[in-house]
Amino acid sequence: MSSQCENPVKKFLRTDRMPSIWCPGCGIGTSVNCFVRALMDSGMDPSGMAIVSGIGCTGRVAGYLNLDSFHTTHGRALPFATGLKLANPELNVVVYSGDGDLTAIGGNHFIHAARRNMDLLCICVNNLTYGMTGGQVTPTTPTPAIASTTPYGAYEPTFNLPHLAASSGASFVARWTVFHVRQLTRTIEEALGRKGFRFIEIISPCPTLFLRRNRLGDSVDEMRFYRDNSEIRNQCDTRETEIAYRGKIVVGKFVDRTRPTWREAHAARHTEALGARFIQWVGPEDDLRAPDEGMA
Amino acid sequence: MSASVSDKGLLSGRLFIDGDHACAEGAIAAGCRFAAGYPITPSTEIVERLALRFPLVGGTFIQMEDELAASITAIGAAWGGTKSLCVTSGPGFSLMMENLGYAAMTETPIVFVDVQRGGPSTGLPTLPAQADMMQVRWGSHGDFRVIALCPSSPQECFDMTIEAFRLAERYRTPVVLMMDEVVGHMTERVVIPPPEEISQEPRRITRRPPEDFRLFEPRDDLVPDMCPLGKGYNIHVTGLTHDERGYPVLNVASQDSLIRRLKDKLLCNAGDIVRWEARDLEDAEIAVLSYGITSRIAQRAVEMARAEGLCAGSFRLLTAWPFPEEAVRALAGKVKAIVVPELNLGQMVIEAERAAAGRCAVVSVDHAGGAVHSPEVILDAMRAAAGRR
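Small disclaimer: the values here were computed from a predicted structure and weren't measured.

**Q** Which parts of the structure should I look at to understand the overall build of chain B?
**A** Each helix and strand in chain B was counted, giving 13 helices and 17 strands. Relative to the compact-globule value of 21 Å for 389 residues, chain B shows a C-alpha radius of gyration of 21 Å, a close match. Overall, chain B is about 70 × 55 × 40 Å in size when its C-alpha atoms are taken along their principal axes. Across the 389 residues that make up chain B, the buried fraction comes to 58%. Within chain B, contacts between residues separated by at least 24 positions form 75% of all contacts whose residues are at least 6 apart in sequence.

In structure tokens form, the structure reads like this:
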């Protein structure tokens, strides 16, 4: 009997695009599994969800999920999602991308999306490197990790992403590793039910480029490392969530607060200023649809 | 007739406004209800007017953190189901090249506006140029194409913004309105017809159910239909080379068929897209080919030439890209010379030379920007081309 059961995650995946481009031992697939299970558990209508990715290994997530999906330009997933959400406020828009995409080339957009409290769930798979292009240093690569563009070791200070998100204004901030699949799934489900800019960082191994180059073993070794070095501290002050090279990883839900979203603030201001003359955009109108030309 | 406002907040009647404001009203009249921008002279008045007017007509304007964000936000809104506008000037247009290419590759219906100023770099922020004409054609990487229109008055800023949205929706393509500082800041009479007389191009939304629909499968006109979001179509949109489902297929055959179709969908529909205005060309010995603000100076030069007995006429580009190649080639077979004044050191003249292919002389009347030509300079070039001193 059990051999006939289909994996419930499968119908959310574009199986005709499998196998994926991800390496054996990569954590991105695990994060996607958690995301889909959270989506199922949330009871949300998946057809009302759109997923937006940037460029890179995690940028490919959009292409494997059987949802309305957008693989955008490098770093621009958040502003694309901003336009998508404002034009179609009924959609649940999820941005799913990597540390390089979201916090280096997209870093400016990241802080501004958080500042505006744009109504987006932003999932960042942080593997401490640029995987797609061959393992270069990112804003999260800790000193003195070896990357292809820091062959003698990384030396720049890193971003503490939960702190960056929280201090920029995010209404929900959490971090887990891909070892913490149950906690991560629960947190994603919880975040799906919130409004505003919600940020979840997922610490994930890049076995091919980060672990191997730094002689840290394989992904199973890294799971053990996550298990032994993670410290669950919910509501932790995000000033204390910095990640040092092979140091402890503070995980948990750090921020969960209510602030007006961009659209709510926009409506409140214009209603106060204009009263009944203010007309809020509510979504695409039917008259955008072309008349039937009998060519369908 | 003076201006009036409909119960939906739409203006009509006779207004006295500048080209930037006329562009904003054109967008509203075309049914555009989303705009993104970043402040930049001399285009800012467009988004300022939209920030003022959109809340009264149910539109959304957002000022983004930079032009990279503004351009992709506008593209996201277009996919969300709104007619969408993105406004800038040269330095911002340079940043937008990334997403102009993305819009072309993903066949996003969207309108960009570049109110041109002197460049390169920061250049002349408050003074005119027409030096982004090749940038709009070639500025993003790869072999892409867009439609570019050239208004020469506030009235045309209004009319051509509506036309830009028509073309963007009909051909699922970015369309760029190539204004300039003078046209943007020049105040003239603009007549806005009543809302019911303005046709709004509908989106090409498929009638097919999700299982039969492919987002990049072209119809007979080489343009694929779109679909609403959130209705189970589960579309995939990528800037990677893709097949008709939108799935990445990174090989020579896929690249060849996609990139050639993107080119052909504009060139094969050129009859509907490309427009120009011919004036006094029937007996002309010398033609002046111009566009945008320069065409108004050129018209003065043509009149001066006629007054002194030189048979001159005007060929005005309303569409710069695709270039009206056949019309210019035919013109070159009839006149002695085509004189091309423009506020750059010779951009569209290259295209005119290519189209003329040696059938007549093609003379550049260049200008580094910062002001418009003096009509005498253009007249002198016409005289010289005609062999007169």
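**Q** Honestly, the packing of helix H1 (residues 19-30) of chain B against helix H6 (residues 154-171) of chain B in this entry has me stumped. Any pointers?
**A** In helix packing, the relevant descriptors are the interaxial angle and the interaxial distance, both defined with respect to the helix axes. Residues and elements named next belong to chain B. Running from amino to carboxyl end, H1 crosses H6 at an angle of 35 degrees, the nearest separation of the two axes being 7 Å. The two elements H1 and H6 cross, and the hand of that crossing is right-handed. Side by side, H1 and H6 meet where Gly19, Ala22, Cys23, Glu25, Gly26, Ala27, Ala29 and Ala30 of the first sit next to Pro154, Gln155, Cys157, Phe158, Asp159, Thr161, Ile162 and Phe165 of the second. Across the contact of H1 with H6, the residue classes break down as 10 nonpolar, four polar and two charged.

**Q** Teacher, can you tell me more about the pairing of strand E2 (residues 11-18) of chain B here?
**A** Every regular strand shows the same layout, with side chains that alternate between the two sheet faces. All names here are of chain B. Sheet analysis places strand E1 (residues 4-5) next to E2, joined by two bridges and oriented antiparallel. Following the sheet pairing, Val5 is matched in E2 by Leu11. Connecting the antiparallel pair E1 and E2 is a turn made up of five residues, with Gly9 showing a positive phi of about 80 degrees.

**Q** Help me out: how do you make sense of the sheet that holds strand E11 (residues 236-238) of chain B in this one?
**A** Note: strands within a sheet are paired through backbone hydrogen bonds, in either parallel or antiparallel orientation. Ordered by their spatial adjacency, nine strands build an open sheet running E7(A)-E8(A)-E5(A)-E6(A)-E4(A)-E3(A)-E1(A)-E2(A)-E11(B), and the pairing between neighbours is mixed. The open sheet has two free edges, formed respectively by strand E7 (230-232) of chain A together with E11 of chain B, since each of these has just one partner strand. With strand direction ignored, the average angle separating the axes of adjacent strands in the sheet is 20 degrees. Examined bridge by bridge, strand E4 (residues 121-126) of chain A and strand E6 (residues 198-203) of chain A share six bridges and lie parallel to one another. Its bridge partner being in E6(A), Val125(A) is matched across the sheet by Ile202(A). The strands that helix H9 (residues 219-229) of chain A touches are strand E5 (172-177), E6, E7 and strand E8 (249-256) of chain A; relative to E7(A), the one it contacts most, it runs at about 40 degrees.

**Q** Explain the interface of chain A and chain B to me, please; I cannot follow it from the model alone.
**A** Facing the 44 residues of chain A at the interface are 51 residues of chain B. Of all elements in the fold, only strand E2 (68-71), helix H3 (77-87), helix H5 (107-116) and helix H10 (262-274) of chain A reach the threshold of two or more residues within the side of chain A that touches chain B. Of all the elements, H3(A) adds the most residues to the side of chain A that touches chain B, at eight residues. The class makeup of the residues in the side of chain A that touches chain B is 20 nonpolar, 17 polar and seven charged. One ladder, built from three bridges, connects E2(A) with E11(B); its direction is parallel. Across the sheet, residue Ser69(A) finds its bridge partner in E11(B), namely His236(B).

**Q** I keep staring at the domain arrangement of chain B and nothing clicks. Help me out?
**A** One frequent convention defines the size of an interface as the accessible area lost when the parts assemble. All names here are of chain B. Along its sequence, chain B is carved into domain 1 (4-197) and domain 2 (278-385). Measuring from the centre of the C-alpha atoms in domain 1 to the corresponding centre in domain 2 gives 27 Å. In this assembly, 22 residues from domain 1 lie in contact with 20 residues from domain 2. Of all the secondary-structure elements, those providing two or more residues to the side of domain 1 that touches domain 2 are strand E7 (124-128), helix H5 (133-138), strand E8 (147-149), strand E9 (174-180) and helix H7 (181-185). Of the residues belonging to the side of domain 1 that touches domain 2, the class tally is 17 nonpolar, three polar and two charged.

**Q** Before we go on, may I ask you to explain the sheet that holds strand E10 (residues 187-192) of chain B in this structure?
**A** All names here are of chain B. Read from one edge to the other, the open sheet built from three strands follows the order E1-E2-E10, with strand pairing classed as antiparallel. Since the sheet does not close on itself, it has two edges, and those belong to E1 and E10, each with one partner. Here H1 sits on the sheet in contact with E2 and E10, set at roughly 155 degrees to E2.

**Q** I tried to follow the nonpolar core on my own but got confused; where do I start?
**A** For soluble globular proteins, the rule of thumb is that nonpolar side chains tend to be buried together. Membership of the largest hydrophobic core comes to 211 residues, with the highest contact counts inside it found for Val52(A), Ile123(A), Ala35(B), Ala74(B), Ile338(B), Val339(B) and Met382(B). For this core, the domains that each give at least three residues are domain 1 (4-197) and domain 2 (278-385) of chain B. In this view, Ala35(B) contacts Ala27(B), Val47(B), Leu50(B), Phe61(B), Ala74(B), Leu85(B) and Val87(B); residues no more than four positions away in its chain are not counted.

**Q** What exactly am I supposed to notice about unusual backbone geometry here?
**A** For residues other than glycine, phi is negative in most cases, and the peptide bonds are mostly trans. All names here are of chain A. With an omega of 5 degrees, the peptide bond running from Met18 to Pro19 counts as cis. Relative to the helices and strands, Pro19 resides in the segment before helix H1 (28-42). Of the consecutive residues Thr143 and Pro144, the connecting peptide bond is found in the cis state with omega at 5 degrees. Inspection of the secondary structure puts Pro144 in the loop between E4 and helix H6 (161-168). Unusually for a residue other than glycine, Arg215 sits at a positive phi of about 50 degrees.

**Q** What am I meant to see in the confidence of the model for chain B here?
**A** As a note on interpretation, predicted positions should not be read in detail where pLDDT is low. For chain B, mean pLDDT is 97; residues scoring 70 or higher make up 99% of the total. Mean pLDDT across the elements of chain B bottoms out in E1(B) (92) and peaks in E8(B) (99).

**Q** What's the story with the packing of H1(B) against helix H2 (residues 44-57) of chain B in this structure? I'm lost.
**A** Residue and element names in this part refer to chain B. Closest axis-to-axis distance for the H1/H2 pair is 8 Å, and the angle between their directions is 35 degrees. The chirality of how H1 crosses H2 is right-handed. Residue-level inspection shows Asp20, His21, Cys23, Ala24 and Ile28 of H1 in contact with H2, the latter providing Glu45, Ile46, Arg49, Leu50, Arg53 and Val57.

**Q** Please explain H9(A) as it appears in this structure.
**A** Two residues of an α-helix separated by three or four positions point the same way, owing to the 3.6 residues in each turn. All names here are of chain A. Of the positions making up H9, those classed as buried are Ser219, Glu222 and Tyr226. For H9, the arc enclosing every buried residue in end-on projection is 50 degrees, short of the 170-degree limit, so these residues lie on one face. Facing away from the buried surface of H9 by more than 90 degrees, the exposed residues are Val220, Arg224, Arg227 and Asp228. Summarising the contacts, the buried residues of H9 are in contact with E5, E6, helix H8 (207-213), E7 and E8.

The rules behind these values
Residues numbered from 1 in each chain as written. Chains lettered and ligands numbered in written order. Predicted model: local features only at pLDDT ≥ 70, side-chain atom pairs only at ≥ 80, totals over all residues. Helix = DSSP H or I, 4+ residues; strand = E, 2+ residues; numbered from the N terminus. Rg over C-alpha atoms; globule rule 2.2 N^0.38 Å. Buried ≥ 20, exposed ≤ 12 C-beta atoms within 10 Å, placed from the backbone. Contact = placed C-beta atoms within 7 Å. Axes fitted to C-alpha atoms, helices over the stretch in contact; angles between N-to-C directions. Left-handed = near helix turned anticlockwise from the far one by under 90°. Nonpolar A, V, L, I, M, F, W, Y, C, P; charged D, E, K, R; others polar. Pairing = 2+ DSSP bridges. Domains from an automatic or database assignment. Core = buried A, V, L, I, M, F, W, Y, C linked by C-beta atoms within 7 Å. pLDDT = per-residue confidence, 0-100. Arc of directions from axis to C-beta.

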